[in-house]
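Listed below are the residues making up each chain.
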Amino acid sequence: MPTPASGMAKPMMDILKSLDPESLILTVNRRLARTLTRLADQQQRAAGAAAWPTPRILPWESWLEQCWEQILDHRELPSAPTAADTPRLLNPWQERLLWERIIAASPAGESLLQVAEAAKTAQQAWQLLQQWRLTLTDADLYDHEDAQVFYAWSNQFASLCRKRGWLERAGLPRFLRRQLHMEGGAPLRLPKRIWLAGFQRHTPDMQALLEALAPFELTMAPLAIPGQAGQAVRCGWSSSEAELLAAARWSRSLLAQSPEVSIGIVVPDLEQRLPQVVGLFARVLYPGANPSRLDPRSKIFNLSLGAPLTATPLIRDALLLLGMATGTLSRPRYSALLHSPFWRGGQEEWSARSLLDDRLREQGLLQIRTRQLRREATRGDRHAPPCPILAATLNTFLHHLFPTGPAEGGDGQPATSLAPASPSLWMERFSRWLALLGWPGEGPLSSGEFQNISAWRQALSLFATLDPTSGPLSLTAALELLERILAESPFQPEADTAPIQIMGLLEAVGERFTHLWVCGLSAETWPPAVQANPLLPIDLQRRHGMPHATFTQESTYHQELLQALLESAGVVVCSHPASRDDQPLHPSPMIIALPEADPCAPADGEADPPLSEGIDDYNAILFDSAHTKTLRDDLAPPWMPANGAKVGSGVLKAQALCPFQAFARYRLGARPRMEPQPGLDPAQRGQIVHSALTQLWQQLGQGQADLRRQSSTDNPVVKAAVHVALEEAARQWPDPLHPFLRQLEEVRLNRLLTAFLELEKERPVPFTVQKQEQKQTLTLGRLTLNLRLDRLDRLADDTLVILDYKTGASQVKEWFGDRPRDPQLPLYLLALADSAPQKVAALAFCQLKAGTCQFAGLAKEEGLLPNVPHFQRWAPDCADWQSLIDRWRRVLTALGEAFLRGEAAVDPLPQVCQLCDLSPLCRRHERLPLPEEEEERA
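Residues numbered from 1 in each chain as written. Predicted model: local features only at pLDDT ≥ 70, side-chain atom pairs only at ≥ 80, totals over all residues. Heavy atoms only, no water.

Student: Requested: an account of a nonpolar patch on the surface, with residues and values cited.
Tutor: Residues F740, L741 and L744 make up a contiguous nonpolar surface patch of about 280 Å² in total accessible area. Along the chain, F740 falls in helix α30 (residues 739-761). Using a relative accessible area of 51% as the deciding quantity, one classes F740 as exposed. (Patch = residues over 30% accessible without salt bridge, like charges linked within 9 Å, V, L, I, M, F, W, Y side chains within 5 Å. Areas by Shrake-Rupley, 256 points an atom, 1.4 Å probe, with all protein chains shown as cover. Salt bridge = Lys/Arg side-chain N within 4 Å of Asp/Glu carboxyl O. Helix = DSSP H or I, 4+ residues; strand = E, 2+ residues; numbered from the N terminus. Buried < 20%, exposed > 50% of the residue type's maximum accessible area, 1.4 Å probe, protein only.)

Student: Tell me about unusual backbone geometry, and name the residues and values.
Tutor: Put simply, W439 and P440 share a cis peptide bond, and its omega is 15°. As for its placement among the helices and strands, P440 is situated in the loop between α17 (423-437) and α18 (447-464). Following W526, the chain continues to P527 via a peptide bond in cis, the omega torsion being 0°. Following the sequence through the fold, P527 ends up in the loop between β16 (513-518) and α22 (538-543). Of note in the backbone geometry, E773 takes a positive phi value of approximately 50° without being a glycine. Relative to the assigned elements, E773 resides in strand β20 (residues 767-780).

Student: Give a detailed account of helix α29 (residues 716-732), specifying residues and quantitative values.
Tutor: In this model α29 runs 24 Å from its N-terminal to its C-terminal C-alpha over 17 residues, within 8% of the 24 Å that 1.5 Å per residue would give. Every buried residue of α29 is accounted for by V717, V718, A721, V722, A725, L726 and A729. Down the axis of α29, the buried side of the element spans an arc of 160°, and every buried residue falls inside it. Exposed residues lying more than 90 degrees from the buried face of α29 are P716 and R731. On the buried face of α29, the contacting elements are α27 (682-700) and α30. The N-cap residue of α29 is N715: its side-chain oxygen and the backbone nitrogen of V717 are 2.9 Å apart. (Expected span 1.5 Å × (residues − 1). Arc of directions from axis to C-beta. Contact = heavy atoms within 4.5 Å. Polar contact = N/O pair within 3.5 Å; in protein donor to acceptor, adjacent residues only side chain to side chain.)

Student: Go over the nonpolar core, please, and point to the residues and values.
Tutor: Core analysis: the biggest nonpolar cluster contains 58 residues, and F430, W433 and W456 have the highest contact counts within it. Those residues in contact with F430, other than ones at most four positions away along the chain, are L322, F463, L475, A478, L479 and L482. Judged by nonpolar contacts, the second largest core, of 43 residues, contains L792, V840, L895 and F899. (Core = buried A, V, L, I, M, F, W, Y, C linked by side-chain atoms within 4.5 Å.)

Student: Which residues make up the packing of aromatic side chains, and what are the values?
Tutor: On inspection of all chains with the given rule, the structure shows 24 aromatic pairs. Seen from their ring centres, F281 and F301 are 5.9 Å apart, and the 50° between their planes marks the pair as tilted. A residue pair is termed long-range when its members are at least 10 positions apart, and F281 in helix α11 (residues 270-285) and F301 in strand β10 (residues 301-303) qualify at 20 residues. Grouping residues by exposure puts F281 and F301 together as buried. Between the aromatic rings of F756 and F855, the centroid separation amounts to 6.1 Å while the plane-to-plane angle is 55°, which identifies the pairing as tilted. Here F855 lies in strand β24 (residues 852-859) and F756 lies in helix α30, a separation of 99 residues in the sequence. (Phe/Tyr/Trp six-rings, centres within 6.5 Å; stacked < 30°, edge-to-face > 60°.)

So far we have only geometry, and geometry alone does not tell us how the molecule works.
Okay, structure coming up:
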């Protein structure tokens, strides 16, 4: 029998026409097997057959496993001869876990940060040794520390497999060869003819198995997949994104010209660029539509590689639901669950659960216990109604986990359903828990979601097979392992053959198209850099011709791949990006000989190019084709306060910063969604400082004389005030104010208040604190404001000083202008001036920041407060104090009247938009920036 290397290749279509049950085609991958099966079926239909046997077309790995199953079935027959037990074939994940256990228990494993990645590399190194039929020797290990470590791991791996009767996948060809050489031969149902399709080269292990089939009566030869002497061109594009976009537009144009075309798009790094590829092709081929909502059978393009199962909403939410059994959910997890439609009540209570999420965010909860979530679901307030379905579902779930009822905090003996167990037992528990929680929801499921559930069950079945090599797992370890399996399981919804096939490099080998576009053929990436296995000596890999070990080998291999691709279609485009990260790129030397041409240029005789810029910008097309009329609507209905309702000073500040901001916040009630952060946010810290200062002056007495009698360091009054303020904060924000963070905050506040008291002692004019947190009412025209003064001091001459505590940035210049950015203190002055216009002698910020404690403001006279000048420094055109008061009254009254009239133009002051949290509502950022705005940002 001729060996595969010397056998005569047979024409593919002739073989497919005469394919019978005694013939077997072995392919290099599953994709080629599906393609040949489809072509064989087409041949039968073309011949007029109404029914035919399923052709035997299998990937190499599937055929090896099928042979092993035949031997296993034969050994289980009562009449089978007694022989050594057939070993148990490990699946890839069983092998991976065995490697992980060996590595984690080894001395070298203690220093590894990523044991799972090391296990994957070790598994690949072992497969290479088996495929090349090699063993490591002392000479190979000399002066190679990593190889020595791997040698110890591999010896333990082989020893465990022998002891437990396990067979690793890489050893399957070796096992089958031994069976073929046994007396009487192996009980294999071998075909009479074997054709090999798509193999560029054979590993020594594969070649040895094929040669072991020589004594049997069968013929073996390569299957010649006919090539096409097509036209090939090369082209360059400005970037990788522009390259993909051009390929998508080229595909769209070809489909528009002829629906019968078959188009291949080869993206060598498809796995890394999958989201970008899907986004660009969807944008061009499904303008104005959401491709995830389309029926898979109607899709124009298909990908050889799907997104991981963990990226699909249905599977992602299943993992989130199971995570509730751990007892604690982080902020992103509980937020995602409350917005998930894939469990009981997810659609019916969607609105209420969204409001519950807002309430939990406002509490600053970075994480929440499952029991606490159940309690919060039963509560309701004016902002968020209760969620009874959620509460009942969680109650049932928790009762199942803890039938005896653990302590409220979750302490006590673990429930039986949470005890460490084997993966198969965890699979049963997980399925039961999801049923209790109502997964996958109560709404209708799409075709893709039904396939999601099928893929989930397959992943669970795989997870359940890991008992032999995993050992008992805790709940956390079981969930992590299941998530890893799902993350490495690509999901691609089944669909009929699409006219556009997007593939990785190896998936394209053996395929045939009318048109093919190969991306990424730059000199820097084609051929790719050498990537030898780091656990095997590089000399050993080079000596035996292992893949990815030498540049010459890589260059030859990728030249053969490229040549195979050039023969895969009648028209082939080889493209490369011209730059990446501002670095110039050049075409690969392997395509430099091809003629350069623009595949997107119009053909001869065409008036317009088939690919115009913007063909995929569906929104722009709709907008440009519409007959629009511009309507400027900056005036809302006038605001009439109900029953004399009052607002705070913030409304005038917002009206000054941007009229639309005032309208959105105080008329529409718009507010940003809180995003809890570790520790206290600036607003919470400011409230604690205010509270501590209020407590401090209540305990100190009311005068500067009392203050000067206090110690400058280690002041017990300061400590007591800080302690009371932090106690109040801990009751209000228990989660952000963790005991450790509270200790740090206490040290910071003691230093800050001590420094501020030293500043108060230096004030040149004696004072007493007359009032704190004083409520005032101010009427400006038709608008009535509620105000609260932080502090009011009385000086020796019976005049008053208005003080406002500030822990953030503040500037006196922001009090002035027709639209003052911060009118708070001028409003306080107007409120007191109504009753005692000449009593107020100064108004100032008390700036309390680490390293900066000072006053900032203005006064009727110099020297009333440190660093506070005469008011004419800021208002030189005001002749006296009353003139300043009158100006502020006029400006602030005008702002109030503008708010009442409903003036709501999107007209921000400079730099206001950078700090505004309402941009999703006003959408000003969607406009092109005006020249002055560009200068402002610069």
